[in-house]
Amino acid sequence: MKITLNRVNENFHFELKNDRGHIVNVDARPDFGGNDMGPSPMELLLMGVAGCSAIDMISILKKQRQEITSFKAEVEGERVQMGEAKPFKDIHVIFSLEGNIKEDKAAKAAQLSFEKYCSVSKTLEPTATIHYKVILNGAALEK
C-alpha cells in the first residue's frame, strides 16, 4: 500500500493519491492557516473508521442474506491534549440501518467489525476507545 502527497498551494492544501490513482484533498481549517479545501488528517481518520466498519458490516450482512435498503454512519471523535499533540481519546460511532434485517445479525455484524475485522479501528485501539451503537429501522439495539 502506497500513498503519494503533493502540495497544491502555499498553505496546507495537499492532494494525496493512492497507487490506483484515487485522489483525496487534505487541508487545514482557516483558523490554523489553511484554506479548508478538504478534510483534515484527523477527519480522514474518522472517515476511515466509518468506511472500514461499513464495508465489514455490509459484507457480513450480505453473506447472511439480509436486505439492506439504507446504511448510514455518524462518527465523532473526542481528542485529548498529550504534549503538543491531540490524539483521539474516544470515538463514538452510530450506525443507522434500514431494511429486512434481523436485530441479532445487525448487532453481531457491528461487534465483529470492531472486535475482529476493522483494521482502521484496530490501528486506533491502543490509544482510543471506540464506542458504537446500532439503530435498526429507527430503534436502538441493545449490545
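Look above for the structure.
Small disclaimer: the values here were computed from a predicted structure and weren't measured.

Q: For this particular structure, what's the right way to read the pattern of salt bridges?
A: Pairing between side chains becomes possible if they bear opposite charge and their charged atoms approach one another. Summed over all chains, the structure comprises 4 salt bridges. Here glutamate 43 ties to arginine 29 by a salt bridge, and the two come within 3.2 Å at their closest N and O atoms. Within this pair, whereas glutamate 43 is found in helix 1 (residues 41-63), its partner arginine 29 is found in the loop between strand 3 (23-26) and helix 1, the two being separated by 14 residues in sequence. On the accessibility criterion, glutamate 43 (29% relative accessible area) is partly exposed. Overall, the relative accessible area of 48% leaves arginine 29 in the partly exposed class.

Q: Would you mind going over the nonpolar core with me for this structure?
A: A general tendency of soluble globular proteins is for nonpolar side chains to be buried together. Counting 25 residues, the largest nonpolar core has Met57, Ile91, Val93, Phe95, Leu97 and Val134 as the members making the most contacts within it. Put simply, the parts of the chain that give this core at least two residues each are helix 1, strand 4 (67-79), strand 5 (88-100), helix 2 (103-117) and strand 6 (129-136). Per-element accounting of this core gives the leading share, 7 residues, to helix 1.

Here is what the cut-offs are and how they apply
Residues numbered from 1 in each chain as written. Predicted model: local features only at pLDDT ≥ 70, side-chain atom pairs only at ≥ 80, totals over all residues. Heavy atoms only, no water. Salt bridge = Lys/Arg side-chain N within 4 Å of Asp/Glu carboxyl O. Helix = DSSP H or I, 4+ residues; strand = E, 2+ residues; numbered from the N terminus. Buried < 20%, exposed > 50% of the residue type's maximum accessible area, 1.4 Å probe, protein only. Core = buried A, V, L, I, M, F, W, Y, C linked by side-chain atoms within 4.5 Å.

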